[in-house]
Amino acid sequence: MSTAAFIVIAILTLAAALAAASLPKLIHAAFCLVVAFVGMAAFFFLLGAEFVGLVQVFVYVGAVAVLIVFTILLTRPASENTGGIHWLGVVLAIAVFAGLLWAILGTPSLAVAAQPIDPLTVKRIGEALMTDYIWPLQCVGVLLTAALIGGLILVMEERRR
Amino acid sequence: MTGEFVDQIFVMAKHRLLSLLSNAPDWMIQIASSLLNIAAVLGAFLTLFALISVMERKILARIQNRYGPNRVGPFGLFQPVADGIKLLIKEDIVPIRADKLLHFIAPVLIAATAILTLGVIPYGRNMTPFSIDGGILFFFAAGSTTELGVFMAGWGSNNKFSMLGAMRAIAQMVSYELPLIITVIPVIMIVGSLRADAIVAAQEGYKVAGLVPRWFVFTPWGAAAFILFFISGLVESNRTPFDVPEGESEIVAGHMTEYSGFKYANFFLAEYFGMFAVSGLAVTLFLGGWHAPLSFLQFIPSYFWFFAKLAVLLFVFIWIRGTLPRMRVDQVMGFAWKFVLPMGFACIIAAAVWHYQAHGLAGWLWSLGVVAIVYFGLSRLMETKKKFGPRTYRFAE
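Predicted model, so just to flag it, every value in this text is computed and none were measured.

**Student:** Describe the overall build of chain A, with residues and values.
**Tutor:** Summing up its helical and strand segments, chain A has 6 helices and 0 strands in all. The helix and strand sequence of chain A, counted from the amino end, reads α-α-α-α-α-α. In chain A, which comprises 161 residues, the share counted as buried stands at 14%. Taking as baseline every contact in chain A between residues at least 6 positions apart, the subset at least 24 positions apart corresponds to 54%.

This is the structure:
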């Protein structure tokens, strides 16, 4: 069951990612990227990490994707097609992929079976965040507040003289 | 005994149906079980959709002192059937310059996400279709994809009105998603779980000689959070007085301008399903889910109480639509950031105070104090002291 689900999700995710990289219309590419995000979330669900999967949907589909489509909306006319393939980009992508592959294959720890852990409930994640990882959490909070204030300053109406 | 039988009748029916498959492999039973749940949710809510569409018109007509639909069937009750047939045989118009693909996917996606959110709500004892550990989070994760559907509709139509409507819709949905989640946090803090079943279970029992149920709406923080949640829910489902995205006097029908026939009906369906989902979540979080309001009324089946509470909330939705005029788009946004969000934070603090006073009377009064102080402080800050004189225009004489 889970093998079949894995294969189906993997094919869908890879196809969506490929379409996102190659479709001529930018907006279609953006929505294919969203499908790829959802596929990643499905992987997390399959691995039993429900919380991570839900946050993946929440952050990437609910926020990042909206950001992407708004960027497209505000910068390009609807009719523009970005046809053709940039070969430099292809070479770069293959180089990055090869580097990652080399690093992953060279890592010995992947061969070791993972330690079994207790089921990862939302409550345990919350406890860990509020005890062991409180300082990283606070730093992220400060960073996000700074970003919020920066965004407000950018859009603030200039005072009329 | 009979009470329990009636209460669990749907659960037992499902087990009876699944026992027919007892020889089948495990995965087949799993899939059959899921399909049964989906069929039950869809059947129940499509019926409710048909019913509420005619009831809304009836109630609005009553408020506006006219008859409403009364030609098809007794009291116009078959109106949804006639509407459905009409929408099915209408011509499906797609603008020639539209992005065909996005124009087609948008209504499907919007309806699908609206149906997904209905899955995690407990409709009765042992009657949660999709019970996962992060149920409440699933609700918001599925709900947040609606924005993409609205954007697709606006962009795909290639129409200025559609795009403006979609941008308004996304602006207000993004703004109110935050208060919607912030007002849920006090409940999750007190219960200590994101599972919808656990939240309902935490509201079981009665105080004061079995007269007052332990629902969260009867605590000061719960009442404030419930009202804020309801307002945010009104905005998220684009209902009056927050229906600026489809304000027909300004931008035709917003992102739905270029849709006709059954695609338009899909948007309509999504709006109503969104309304059901938000009301259902409000019932689960604050109104005790499927628990009976008084202890001697517990013999009535649990799903009856859930749907009775849902019906009351839906009536309030319709009542508000018939009573209040539409807000201006900047007023909607300002209200979210200047009032609803700070009040939501106040609810979190009030819930914490209540919790650390051992849920007693002292905690009740302290949390009332916190909510009241923040409320009056915010009201004082929001007072504009604007003088209403003759209007001056910047670009016109």
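Moving on from the model shown.
**Student:** Give me the lowdown on the overall build of chain B, citing residues and values where you can.
**Tutor:** When its secondary structure is counted, chain B shows 15 helices and 2 strands. Compactness check: chain B gives a C-alpha radius of gyration of 23 Å against a globular reference of 21 Å for 397 residues, within 12% of the reference. Along the longest, intermediate and shortest principal axes, the C-alpha atoms of chain B span 75 × 60 × 45 Å. Looking at chain B alone, contacts between residues at least 24 apart form 76% of all its contacts between residues at least 6 apart.

**Student:** Go over the interface of chain B and chain A, please, and point to the residues and values.
**Tutor:** Residue-level contacts link 21 residues of chain B with 19 residues of chain A. Elements that contribute at least two residues to the side of chain B that touches chain A include exactly α6 (135–144), α7 (146–157) and α8 (160–191) of chain B. It is α6(B) that provides the largest number of residues to the side of chain B that touches chain A, a total of 5 residues. For the side of chain B that touches chain A, the per-class residue count stands at 13 nonpolar, 6 polar and 2 charged.

**Student:** Tell me what's going on with the confidence of the model for chain A, and back it up with residues and numbers.
**Tutor:** Per-residue confidence for chain A gives a mean pLDDT of 82; residues scoring 70 or more make up 84%. Within chain A, no element has a lower average pLDDT than helix α5 (residues 122–131) of chain A, which sits at 82, and none a higher one than helix α6 (residues 134–155) of chain A, at 90.

**Student:** Go over unusual backbone geometry, please, and point to the residues and values.
**Tutor:** All names here are of chain B. A positive phi is found at Asn 65, a non-glycine position, where the angle reads about 60°. Considering the arrangement of structural elements, one finds Asn 65 in the loop between α3 (26–63) and α4 (79–89). Unusually for a residue other than glycine, Asn 158 sits at a positive phi of about 55°. Within the secondary structure layout, Asn 158 lies in the loop between α7 and α8.

**Student:** Could you give me a rundown of helix α15 (residues 361–382) of chain B, with the residues and numbers involved?
**Tutor:** Residues and elements named next belong to chain B. Spanning 22 residues, α15 covers 31 Å between terminal C-alpha atoms, matching the ideal 32 Å at 1.5 Å per step. The complete set of buried residues in α15 reads Gly 363, Ser 367, Val 370 and Val 371. Down the axis of α15, the smallest arc covering the buried residues is 85°, so these residues share one side. Relative to its buried face, α15 has exposed residues pointing more than 90 degrees away, namely Leu 361, Ala 362, Ile 373, Phe 376, Ser 379 and Arg 380. Looking at the packing, one finds that the buried side of α15 touches α10 (220–236) and α14 (329–356).

**Student:** Would you mind going over the packing of α10(B) against α14(B) in detail, with residue names and values included?
**Tutor:** Residue and element names in this part refer to chain B. Between α10 and α14, whose axes approach to 9 Å, the crossing angle comes to 150°. It follows that α10 is roughly antiparallel to α14 by the angle criterion. Where α10 crosses over α14, the two elements pack in a sense that is left-handed. Judged by residue contacts, Pro 220, Trp 221, Ala 224, Ala 225, Leu 228, Ile 231, Ser 232 and Val 235 of α10 engage Val 332, Val 340, Met 343, Gly 344, Cys 347, Ala 350, Ala 351 and Trp 354 from α14. Classifying every residue of the contact of α10 with α14 gives 14 nonpolar, 2 polar and no charged.

**Student:** Explain the packing of α3(B) against helix α12 (residues 261–286) of chain B to me, and be specific about the residues and the numbers.
**Tutor:** Residues and elements named next belong to chain B. Contact geometry of α3 with α12 gives a least axis separation of 10 Å together with a crossing angle of 105°. One way to sum up the angle between α3 and α12 is to call them roughly perpendicular. In contact with Phe 45, Leu 48, Phe 49 and Ile 52 of α3, α12 contributes Leu 269, Tyr 272, Phe 273 and Phe 276.

**Student:** Explain the nonpolar core residue by residue, including any values.
**Tutor:** Residues and elements named next belong to chain B. Formed by 113 residues in total, the largest nonpolar core has its most connected members in Phe 273, Ala 282, Cys 347 and Ala 350. With 14 residues, the single largest contributor to this core is α12. Filtering out sequence-adjacent residues up to four positions away, Ala 350 remains in contact with Pro 220, Trp 221, Ser 367, Val 370 and Val 371.

**Student:** So what's going on with the environment of B:Arg16? Residues and values would help.
**Tutor:** As for its placement among the helices and strands, B:Arg16 is situated in helix α2 (residues 9–19). For the pair formed by B:Arg16 and B:Trp155, sequence separation is 139 residues and the distance between their alpha carbons is 48 Å.

**Student:** Got a sec to walk through α3(B)? Specific residues and values, please.
**Tutor:** Residue and element names in this part refer to chain B. With 38 residues, α3 extends 54 Å between its outermost C-alpha atoms, agreeing within 8% with the 56 Å of an ideal straight helix rising 1.5 Å per residue. Within α3, burial applies to Phe 45, Ile 52 and Val 54. Elements that come into contact with the buried residues of α3 comprise α4, α12 and α13 (302–323). Backbone geometry just after α3 places Asn 65 at a positive phi near 60°.

**Student:** Tell me about the environment of B:Cys347, and please be specific about residues and values.
**Tutor:** All names here are of chain B. Along the polypeptide, Cys 347 turns up in helix α14. It is 39 Å that separates the C-alpha atoms of Cys 347 and Tyr 264, two residues lying 83 residues apart in sequence. For Cys 347, the residues in contact, after removing those within four places along its chain, are Thr 183, Pro 186, Trp 221, Ala 224, Ala 225 and Val 371.

**Student:** Residue-level account of the confidence of the model for chain B, with values.
**Tutor:** Here chain B shows a mean pLDDT of 83. Residues at 70 or above account for 98%. ipTM for the predicted complex: 0.75, alongside a pTM of 0.84.

Scoring rules and cut-offs
Residues numbered from 1 in each chain as written. Chains lettered and ligands numbered in written order. Predicted model: local features only at pLDDT ≥ 70, side-chain atom pairs only at ≥ 80, totals over all residues. Helix = DSSP H or I, 4+ residues; strand = E, 2+ residues; numbered from the N terminus. Buried ≥ 20, exposed ≤ 12 C-beta atoms within 10 Å, placed from the backbone. Contact = placed C-beta atoms within 7 Å. Rg over C-alpha atoms; globule rule 2.2 N^0.38 Å. Nonpolar A, V, L, I, M, F, W, Y, C, P; charged D, E, K, R; others polar. pLDDT = per-residue confidence, 0-100. Expected span 1.5 Å × (residues − 1). Arc of directions from axis to C-beta. Axes fitted to C-alpha atoms, helices over the stretch in contact; angles between N-to-C directions. Parallel < 35°, antiparallel > 145°, perpendicular 65-115°, else oblique. Left-handed = near helix turned anticlockwise from the far one by under 90°. Core = buried A, V, L, I, M, F, W, Y, C linked by C-beta atoms within 7 Å.

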